[in-house]
Structures are given as structure tokens and as C-alpha cells.
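Results of the structural survey
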Amino acid sequence: MFIYLKKDVSLQQFCINKTNMFKKETYIKRREELKKLVGNGVIVLFGNNESPANYPANSYAPMRQDSSFLYYFGQHRDGLVGVIDIDNDTEILFGDDIDVEDIVWMGYTPSVADLAAEVGVTKTAPMKELTSYIKHQTSKIHFLPPYRFDTKIQIMDLLGIHPSKQKEAASLELIKAVVKMRATKSAEEIAYIEGACDVGYVMHTTAQLLIKPGITERFVAGQVDGIARSLAQGNSFATIFSQHGEIMHGNPSDAKLETGRLVICDAGCELNDYCSDHTRTMPVSGKFTQRQLEIYKIVEACHDYVLNVAKPGVKYMDVHFAVCRLMTERLKEIGLMKGDTDEAVAAGAHAMFLPHGLGHMMGMDVHDMEGLGQIYVGFDEETRPNLEQFGTNCLRMGRKLEEGFVLTDEPGIYFIPALIDDWKAKGHCKEFLNYEMLETYKDFGGIRIEDDILITKDGCRFLGTKRIPYHPEELEAFMANNRN
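Conventions and cut-offs
- Residues numbered from 1 in each chain as written.
- Predicted model: local features only at pLDDT ≥ 70, side-chain atom pairs only at ≥ 80, totals over all residues.
- Heavy atoms only, no water.
- Helix = DSSP H or I, 4+ residues; strand = E, 2+ residues; numbered from the N terminus.
- Rg over C-alpha atoms; globule rule 2.2 N^0.38 Å.
- Buried < 20%, exposed > 50% of the residue type's maximum accessible area, 1.4 Å probe, protein only.
- Core = buried A, V, L, I, M, F, W, Y, C linked by side-chain atoms within 4.5 Å.
- Contact = heavy atoms within 4.5 Å.
- Salt bridge = Lys/Arg side-chain N within 4 Å of Asp/Glu carboxyl O.
- 1 Å grid on protein atoms, 1.4 Å probe; cavity = no way out; pocket = protein on both sides within 12 Å on 5 of 7 lines; lining within 4 Å.
- Points joined across faces, edges and corners; volume = space filled by probe spheres on them.
- Nonpolar A, V, L, I, M, F, W, Y, C, P; charged D, E, K, R; others polar.
- Pairing = 2+ DSSP bridges.
- Axes fitted to C-alpha atoms, helices over the stretch in contact; angles between N-to-C directions.

The next thing to look at is the overall build of the protein. Counting secondary structure elements, the protein contains 18 helices and 18 strands. Since a compact globule built from 484 residues should have a radius of gyration of about 23 Å, the 24 Å found for the protein is in line with a globular shape. For the protein, the spread of C-alpha atoms along the three principal axes comes to 70 × 50 × 45 Å. Residues counted as buried form 54% of the 484 residues belonging to the protein.

Attention shifts here to the nonpolar core. The biggest cluster of nonpolar side chains holds 147 residues, and the ones touching the most others in it are L34, F353 and L433. Sorting elements by how many residues they give to this core places helix 10 (residues 187–210) first, with eleven residues. F353 has contacts with L331, L336, M337, G412, I413, Y414, F415, L433 and L438, leaving out every residue within four places of it along the chain.

One pass over the structure, following the stated rule, counts 29 salt bridges. The shortest N-O distance in the salt bridge between D365 and R182 comes to 3.0 Å. Remark: R182 occurs in helix 9 (residues 172–183) and D365 occurs in the loop between helix 14 (341–347) and helix 15 (374–377); sequence separation between them is 183 residues. With a closest N to O distance of 3.1 Å, E194 and R461 form a salt bridge. Here E194, found in helix 10, pairs with R461, found in strand 18 (residues 460–462); they are 267 residues apart in sequence, far enough to count as distant.

In this section: empty space enclosed by the protein. Taken as a whole and judged by the stated rule, the model has three cavities of 30 Å³ or more. Estimates place the volume of the largest cavity at around 60 Å³. As for the largest cavity, its lining consists of N20, F22, Y27, R30, L70, Y71, G74, N272, D273, Y274 and M364. Secondary-structure elements contributing two or more residues to the lining of the largest cavity are helix 2 (24–38) and helix 3 (67–73). When its residues are assigned to classes, the lining of the largest cavity shows six nonpolar, three polar and two charged.

Here the focus is the sheet that holds strand 12 (residues 274–275). Spatially, 8-11-12 is the arrangement adopted by the three strands of the open sheet, whose pairing is antiparallel. Whereas interior strands pair on both sides, the edge strands pair on one side only; in this sheet they are strand 8 (234–235) and strand 12. Packing against the sheet, helix 10 makes contact with strand 8, strand 11 (269–271) and strand 12, and its axis sits at approximately 140° to strand 11.

Take the sheet that holds strand 7 (residues 141–142) next. The strand order across the open sheet formed by five strands is 6-5-4-1-7, and the pairing between neighbours is mixed. Unpaired on one side and paired on the other, strand 6 (123–125) and strand 7 mark the two borders of the sheet. Sheet topology note: the strand 5 (residues 90–95)/strand 6 ladder contains three bridges and is parallel. Paired with L93 across the strands is T124, a residue of strand 6. Sheet contacts for helix 7 (residues 149–159): strand 1 (42–46), strand 4 (80–85) and strand 7; angle to strand 1, the most-contacted strand, approximately 150°.

Written as C-alpha cells, this is what we have:
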């Protein structure tokens, strides 16, 4: 593996930005724009704290800062809260300077005042003053939906809102403003995402080189994770690596890879606080069987079709259903589906094979801003989610596309035995599904192909300077030519 890295990849290209920050002026402009969009009141953005793994001194490392705090205040240190007082045009960074004992264990950390100056904030205060500052406010306090319990407790102490009520009490004005700003990526952000995709290339091609019968899922996944931690800040989500591709989020196990099986690798990294997210499906033996190839080529066609239809002004929900119709047509050709294509898709019959959406927004979070509420991130006033129909209810992204959006393109076909049994017993969509033939695919697993796309002025393109092999002939040749 490491010989391959040395001869094929220049590690220098993956150097992490020294401070993981943009220029000071970027943060100043972002906060000014946020003030205009929210309009009035006091915005409180909570940074994250260290999170103990099993006792206070043993934290999960490295700490992951809250993405919205990073977007507007840029600092990675724990224990910070950024306040933007719109009515008084004041910005304050609250936090405590570390003491000598902390320096002994963790090394020197700049003062809160120095951190604030780096992002154009002139006022700072110790954390104990945040309570009195907030309690003396008469204007509306804007905060985002919290997802960590320590932040929920902090909000309860500051505002008296019980954690169970905080999601609904979060500021809709602030949520919509943050989504509007973070959804459209700047050229600098796109460059960071492109870099993360290049690390993703190394992660996935390394997996493709390691895959062979007898090696364990856990070993390959561990090597993939090691690259994310070596060339970037780490994983953007827990790596999915499994021969049970029919399980959407299959964790790597101690199972040995078996000849004749397919294995899915869904993995990405964070580089300079921006994510990548790719999926590849490989034959363990290095060559697809004819049955595997038939299904694989359908997924490949659906994946590539997105490049033809995704562009500004087009709803991603419409792209999703265009892919579903193509998938249905191709599945009809091999006998797994039948009947009228439009009627089958309208009935949700395709969800037997594709029970999730085509993709999701991506940026500082791998599911970008999902914690703010998917209805605000993936949908708009014109495009609303359908929460009633199986499969369609998992569509995370449906809204009109805009230039600068980054999202995933990840169609898949899965044969889920429990779902086949359930629908067959109910006779669900029997006019569109060949249940007799489906029975013979219960041992198949699943296939997913995923890349990250940027919506451009006239269309879209894949991100990353190198494409992880996925066309069947290319993939088989890559695995054969580069194995030891």
C-alpha cells in the first residue's frame, strides 16, 4: 500500500492549511451578511467542547468544532461562544484563556483576544459574563438547533428553555440565513472540497488494491481510515465497508472477504474542515460475474446520467425521479420489474431497489447542515418532501439547484431479503415487481456508486482531480494491474 502511495501520489498536495482558516476579511463579510439576512436581535453561535470518551481526561480526538461556528468565527478551540448583536452592531467572542496547567499538558494556546483578532472581532469576554450579557437583552435571542447535550444544558441555563423544547425554539430566521449562506460554496470552499476528494481518491484506490479473498473487512476499512487521518483531518463519517451491501450503513466486521461476493466501500475525509464522500462497489475476486455486471451497469448508467440533467434551475427531486425511471426501464429489460414505467415509479415500486434519495448537500458537514433541519436544507417553498411514500420519504435533497451547490450523486440497487419478504407477503406493487425472480437475488447484496458534484453555471461536474475507478472494465483492470 505505501509503495503505491509513494510512486503514484505526491503527499505534499494534501498539506492541511496551517490554521484551517480563511482570511480575516472572509469572516467579517460572512458576519455582515448574516446580520442583514437575520435583520435584528442577538445571534448566539455555540462552539463545541471536548467530548469525553469514557472519563474526562480521555476525550475523543481531535475535537470537531461546530460547523456554523467555524463558518462565522473560524476558530477550532473548544469552549468558545460567538455573539453577534445586530441591533447594536457588536460582536463578542466569549471564552476563557487557558492556564499554566493546561499549557503543561496541551501546549501553548493563543488568548481569546488573539483568536478573536484573527477573525476580525474586537471584543472578548470570559465565559462567566455570557449569562449576564444574555439575561440583560430585550431583543430576540437567535440560536441554532443544538445537537450536543452540553450545549443544550448551556442554553437551558442561559434562556431557561428545556432541552426537549430547544429544537422548536431555535430561530427560523437564523436557520434560513445560515442555510442560504452555507449552501452556495465560494471558489475557496470548492478548492478545499476538491482537495478532500483527492484524498478520497487515495482512500478508495487503496481499498481497491487491498481487496482479495481472505482479508477481513475490518483490516481494509482500517487502512482506509488511516489514510484519512494521515493525509487529512480524519474521516468525514464512519467508514462503511461491508460485503452486505444491502445494508445501507454496514459497519466493517471481522468477516473475511469471500470469492464471488461484492463489497461496498463508502468513505470520505475532512480536509481543511471540508468533506468528501465517495462510494465504490468492487468484486472481491477482482472480476464481476455476469449477474453482478448486469446490475452494476444499471447503477453505473444512473450515476452517469446525473451529469446530463443536473443544472441550475432544475429540482434535484426531478433528477432523482429521472434516475428512478431510467433504473426501472433497465430493470424491466432483465425481468426484475414490469409494467408501465411511470406508473411503477409513481407507485414507489422502484424503492424495492433504491430505498433512499439520490443524494444530499455536502460541505463542512458530510450531510451539510442536516442538523439545522432537512426541510430547510434540502427543500424550499416550492419543493416539499413526501414523507408518506417508502423510499421517497428518505429523499434528503429535492430543491432547485443553484450554481455553487455541492451535493452527492449516489444511486444504488439493493436486494434486501426482509424487504422482499415483506412486500411479497403484502402483494405490494406486485403488478410492477417480479417476486419469483427477486427470490433468486436474496444473496446478491447491493451496489452503490457515489461521487461529489458541483453545480456550475451551465450544468455540473464531478469534484476531484482524479476519478476513482468505477467503470467495470477500468475497475477490473485497475485491481488486476496494481495488486501485488
